[in-house]
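The primary structure of each chain is shown beneath.
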Amino acid sequence: MAALGWLTPRRRSATARSVLAGEASAEAARKTALADELPDGTDFPATAEAERAAEAPQEPEAPQKPTEPEFPVAGDDLAAAFFDLDNTVMQGAAIFHFGRGLYKREFFRRRELARFAWQQAWFRLAGVEDPEHMQDARDSALSIVKGHKVSELMSIGEEIYDEYMAVRIWPGTRALAQAHLDAGQKVWLVTAAPVETATIIARRLGLTGALGTVAESVDGVYTGRLVGEPLHGPAKAEAVRALAAAEGLDLARCAAYSDSHNDIPMLSLVGHPYAINPDTKLRKHARSNDWRLRDYRTGRKAVKIGVPAAAGVGAIAGGTAAAIALHRRRK
């Protein structure tokens, strides 16, 4: 009977732990972004992936409605964009790809890999996240990294990005992020994945930085505990709120992008919410609230900012991603 409880949606609100998680993530993101600035004050240089994405041929822009103002607004330094990662920016879940890389490097055994696969499959079938189920998944991942150096995981993460993640970036969403960058706005990833993994992806894409789950470390070594809770649901909204306050942003002028109904708290914070490759609940919510939708899983055209659709990628690959979002929080 306990399993049936997983099928019942739970309404979650911000708690003290989610506020703590959000504030810790915002602080880590700002510190990393500042550290990435070069001595002359210019931003971290765009990598080959970012340059190729920016130079890729664009499909002709669809006609704009004459009454619709240009967006994003160039030169608006009070605006920024916040992008969910799994199945929004990337096909699949970052933590799953990271786990594959760690397994390849013998960080854990086949039995644990099978356990992760089962947790992912159940998440996909149930479509909701049971707190006890997620606690078990999180504890599993934390036990894997406990005792390892942060620098070691960062170095391995760079390799794993090249092995599994680089080819899974949605071109359409990448172009949306680039449009904000071209308008002079900062662009942040917001994910339940470990902040270190999210930061690597943000750097490789030439983005400003990343908000992610913060795992506690002492003297550069993971303790196996989290700061607050996983950056998920309300905690994401708290992280965005904290970062916006620190950066002096006007959330009414900001944009947020996500595929999951779990991110409705974050999307509701900003003046320009977008549903990207949305799940059923988010699609319904977006339509009822007149939010804009983009779906790159089926080759549908994006009608804003001349964004190319990502053709030939099945919904299964994208859906698998959401499942593994579980694992990211554990770190």
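Here we look at the overall build of the protein chain
Item 1. A tally of helices and strands in the protein chain yields twelve helices and eight strands.
Item 2. The buried share of the protein chain, taken over its 331 residues, is 53%.
Item 3. Sequence separation of at least 24 residues holds for 72% of the intrachain contacts in the protein chain that already meet a minimum separation of 6.
Item 4. Carbon and sulfur atoms form 55% of the exposed surface of the protein chain, whose accessible area is close to 15,100 Å².

Thoughts on the pattern of salt bridges
Item 1. What the rule picks out here adds up to 13 salt bridges.
Item 2. A salt bridge links Asp 76 to Arg 253, with the nearest nitrogen and oxygen atoms 3.0 Å apart. With Asp 76 in the loop between helix H2 (48-55) and strand S1 (80-84) and Arg 253 in the loop between helix H9 (234-247) and strand S6 (255-258), this residue pair connects regions lying 177 residues apart in the sequence.
Item 3. What makes Asp 76 buried here is its relative accessible area of 10%.
Item 4. By relative accessible area, which is 36% here, Arg 253 ends up partly exposed.
Item 5. A salt bridge links Lys 104 to Glu 163, with the nearest nitrogen and oxygen atoms 3.7 Å apart. Of this pair, Lys 104 sits in helix H3 (residues 94-104) while Glu 163 sits in helix H6 (residues 150-165); the two residues are 59 residues apart in sequence, bridging distant segments of the chain.

Points about the side chain of Thr 199
Item 1. The topology assignment puts Thr 199 in helix H8 (residues 195-204).
Item 2. Given the relative accessible area of 7%, Thr 199 is considered buried.
Item 3. Among the polar contacts made by the side chain of Thr 199, one reaches the main-chain carbonyl oxygen of Val 195 at a distance of 2.7 Å.
Item 4. Once you skip the residues sitting within four places of it in the chain, Thr 199 turns out to touch Thr 32 and Ala 210.

Some thoughts on the sheet that holds strand S3 (residues 209-213)
Item 1. Pairing in this open sheet of six strands is parallel, and the strands run S3-S2-S1-S6-S7-S8 from one edge to the other. Pairing within the sheet leaves two strands with one partner each, and these edge strands are S3 and strand S8 (292-294). The sheet shows a mean angle of 20° between the axes of neighbouring strands, taken without regard to direction.
Item 2. The sheet contact formed by S6 and strand S7 (residues 272-276) spans four bridges and is parallel. Within S7, the position partnered with Ala 256 by the bridge is Pro 273.

Focus: the packing of H6 against H8
Item 1. Direction vectors running N to C along H6 and H8 enclose 50°, while the axes themselves pass 9 Å from each other. Regarding the angle of H6 to H8, the classification is oblique. Judged by the sense of rotation from one axis to the other, the crossing of H6 with H8 is right-handed. Where H6 abuts H8, its residues Val 150, Met 154, Gly 157, Glu 158, Tyr 161, Asp 162 and Met 165 lie against Glu 196, Thr 197, Ile 200, Ile 201, Arg 203 and Arg 204.
Item 2. Looking at the contact of H6 with H8 residue by residue, the classes come out as six nonpolar, two polar and five charged.

Some remarks on the environment of Pro 273
Item 1. Here Pro 273 lies in strand S7.
Item 2. In sequence terms Pro 273 and Phe 82 are 191 residues apart; their C-alpha atoms lie 9.5 Å from each other.
Item 3. For Pro 273, the contacting residues outside a window of four places in its chain are Ala 256, Leu 267, Trp 291 and Arg 292.

Things to note about the nonpolar core
Item 1. Counting residues in each nonpolar core, the largest one holds 46 residues, and the members touching the most others are Phe 83, Leu 102, Met 165, Leu 189, Ile 201 and Tyr 257.
Item 2. Here this core gets eight residues from one element, more than from any other, and that element is H6.
Item 3. One finds Ala 235, Leu 249, Cys 254 and Ala 286 within the second-largest nonpolar core, a separate group that totals 27 residues.

Observations regarding H6
Item 1. The sharpest bend along H6 reaches about 25° and sits at Glu 159.
Item 2. Taken together, the buried positions of H6 are Val 150, Leu 153, Met 154, Ile 156, Gly 157, Ile 160, Tyr 161, Tyr 164 and Met 165.

What about the environment of Asp 219?
Item 1. Relative to the helices and strands, Asp 219 resides in the loop between strand S4 (215-218) and strand S5 (221-226).
Item 2. Among the residues examined, Asp 219 registers a relative accessible area of 76% and is labelled exposed.
Item 3. Linking Asp 219 and Val 150, residues 69 residues apart in sequence, is a C-alpha distance of 9.3 Å.

Here we look at the packing of H3 against H6
Item 1. Across the interface, H3 lies against H6 with an axial gap of 9 Å and an inter-helix angle of 110°. Our classification of the angle between H3 and H6 gives roughly perpendicular. Side by side, H3 and H6 meet where Ala 94, His 97, Phe 98, Arg 100, Gly 101, Leu 102 and Lys 104 of the first sit next to Leu 153, Ile 156, Gly 157, Ile 160, Glu 163, Tyr 164 and Met 165 of the second.
Item 2. Looking at side-chain class alone, the contact of H3 with H6 contains eight nonpolar, three polar and three charged residues.

Looking at the pairing of S5
Item 1. Across three bridges, the pairing between S4 and S5 is antiparallel. Bridging across to S5, Val 218 finds its partner in Val 221.
Item 2. Counting the residues in the hairpin turn of S4 and S5 gives two residues, including Asp 219, whose phi is positive at 55°.

Reading guide: rules and limits
- Residues numbered from 1 in each chain as written.
- Predicted model: local features only at pLDDT ≥ 70, side-chain atom pairs only at ≥ 80, totals over all residues.
- Heavy atoms only, no water.
- Helix = DSSP H or I, 4+ residues; strand = E, 2+ residues; numbered from the N terminus.
- Buried < 20%, exposed > 50% of the residue type's maximum accessible area, 1.4 Å probe, protein only.
- Contact = heavy atoms within 4.5 Å.
- Areas by Shrake-Rupley, 256 points an atom, 1.4 Å probe, with all protein chains shown as cover.
- Salt bridge = Lys/Arg side-chain N within 4 Å of Asp/Glu carboxyl O.
- Polar contact = N/O pair within 3.5 Å; in protein donor to acceptor, adjacent residues only side chain to side chain.
- Pairing = 2+ DSSP bridges.
- Axes fitted to C-alpha atoms, helices over the stretch in contact; angles between N-to-C directions.
- Parallel < 35°, antiparallel > 145°, perpendicular 65-115°, else oblique.
- Left-handed = near helix turned anticlockwise from the far one by under 90°.
- Nonpolar A, V, L, I, M, F, W, Y, C, P; charged D, E, K, R; others polar.
- Core = buried A, V, L, I, M, F, W, Y, C linked by side-chain atoms within 4.5 Å.
- Bend = angle between axes of the 7 residues up to and from the residue.

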